[in-house]
Amino acid sequence: ARYMLLQEMLQDEREAGRTEGRAEGRAEGRAEGRTEGRTEGRADSIIDLLSDLPDGLPSELKDLISGQKDCEVLKRYLRLASSVDTVDEFKRRMAE
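What counts and what doesn't
- Residues numbered from 1 in each chain as written.
- Predicted model: local features only at pLDDT ≥ 70, side-chain atom pairs only at ≥ 80, totals over all residues.
- Heavy atoms only, no water.
- Helix = DSSP H or I, 4+ residues; strand = E, 2+ residues; numbered from the N terminus.
- Rg over C-alpha atoms; globule rule 2.2 N^0.38 Å.
- Buried < 20%, exposed > 50% of the residue type's maximum accessible area, 1.4 Å probe, protein only.
- Contact = heavy atoms within 4.5 Å.
- Areas by Shrake-Rupley, 256 points an atom, 1.4 Å probe, with all protein chains shown as cover.
- Lys, Arg positive; Asp, Glu negative; His and termini not counted.
- Charge placed at Lys NZ, Arg CZ, Asp CG, Glu CD.
- Phe/Tyr/Trp six-rings, centres within 6.5 Å; stacked < 30°, edge-to-face > 60°.
- pLDDT = per-residue confidence, 0-100.
- Patch = residues over 30% accessible without salt bridge, like charges linked within 9 Å, V, L, I, M, F, W, Y side chains within 5 Å.
- Salt bridge = Lys/Arg side-chain N within 4 Å of Asp/Glu carboxyl O.
- Axes fitted to C-alpha atoms, helices over the stretch in contact; angles between N-to-C directions.
- Parallel < 35°, antiparallel > 145°, perpendicular 65-115°, else oblique.
- Left-handed = near helix turned anticlockwise from the far one by under 90°.
- Nonpolar A, V, L, I, M, F, W, Y, C, P; charged D, E, K, R; others polar.
- Polar contact = N/O pair within 3.5 Å; in protein donor to acceptor, adjacent residues only side chain to side chain.

What to know about the overall build of the protein
The helix and strand inventory of the protein stands at four helices and zero strands. In the protein, the succession of helices and strands from N to C terminus is α-α-α-α. The C-alpha radius of gyration computed for the protein amounts to 24 Å, which surpasses the reference 12 Å derived for 96 residues by more than 25%, pointing to a less compact arrangement than a globule. Projected onto its principal axes, the C-alpha coordinates of the protein cover approximately 80 × 20 × 20 Å. Across the 96 residues of the protein, 19% fall into the buried class. Within the protein, contacts between residues at least 6 apart in sequence are counted, and of these 60% link residues at least 24 apart. Counting only carbon and sulfur atoms, one obtains 50% of the accessible surface of the protein, whose full area is about 7100 Å². Averaging the coordinates of the 17 positive side-chain charges in the protein and doing the same for the 22 negative ones gives two points 4 Å apart.

Now the structure itself:
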């Protein structure tokens, strides 16, 4: 009888652990999705701003911006893109 009770307790603990793990996984996935959405949105905004400039946006620069996953770098690029008059100026200043 004690053995059965111990088995039931272990099974309950395992099930509780699984439930907790699933909940943590879902929360982590939502947070990652929000972060990814913000980075993609910033990259799109930067590309839109630069595309409107007279000297055109080279595909290599567009790919570099689209591939950037660091939110802080993208924030800096967005501020920069909103303050430059040419893509060449953006490229020069982004390396600073």
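Read on, since the account is not over.
What about the packing of aromatic side chains?
What describes a pair of aromatic rings is the distance from one ring centre to the other and the angle between the planes of the rings. In this structure the tally under the stated criterion is one aromatic pair. Each ring, one from Tyr77 and one from Phe90, has its centre 5.8 Å from the other, and the planes form 70 degrees; the classification is edge-to-face. Of the two residues, Tyr77 is situated in helix H3 (residues 71–81) and Phe90 in helix H4 (residues 87–94); the sequence distance between them amounts to 13 residues. This pair shows no difference in class: Tyr77 is buried, exactly as Phe90 is.

Focus: the confidence of the model for the protein
Any residue range with low pLDDT should be treated as having predicted coordinates unsuitable for detailed reading. Confidence in the prediction for the protein averages 88 pLDDT; 98% of positions are at 70 or higher. Between the elements of the protein, mean pLDDT differs from a low of 83, seen in helix H1 (residues 2–51), to a high of 96, seen in helix H2 (residues 59–67).

Describing a negative patch on the surface
On the surface, Glu20, Glu24, Glu28, Glu32, Glu36, Glu40, Asp44, Asp48 and Asp52 cluster together into a patch of negative charge. Counting through the fold element by element, Asp44 comes out in helix H1. Residue Asp44 is classed as partly exposed on the basis of its relative accessible area of 46%.

Quick word on the packing of H2 against H4
At a closest axis distance of 12 Å, the pairing of H2 and H4 adopts a crossing angle of 50 degrees. With respect to H4, the element H2 is oriented oblique. When you trace H2 past H4, the crossing you get is left-handed. Residue-level inspection shows Leu61, Leu64 and Ile65 of H2 in contact with H4, the latter providing Val87, Phe90, Lys91 and Met94. Its residues assigned to classes, the contact of H2 with H4 comprises six nonpolar, no polar and one charged.

Some details on H3
Quick reminder: α-helices carry 3.6 residues per turn. Residues three or four places apart thus point the same way. Those residues of H3 not exposed but buried are Cys71, Leu74, Tyr77, Leu80 and Ala81. Measuring from the backbone nitrogen of Glu72 back to the side-chain oxygen at the start of H3 gives 2.9 Å, which picks out Asp70 as the cap.

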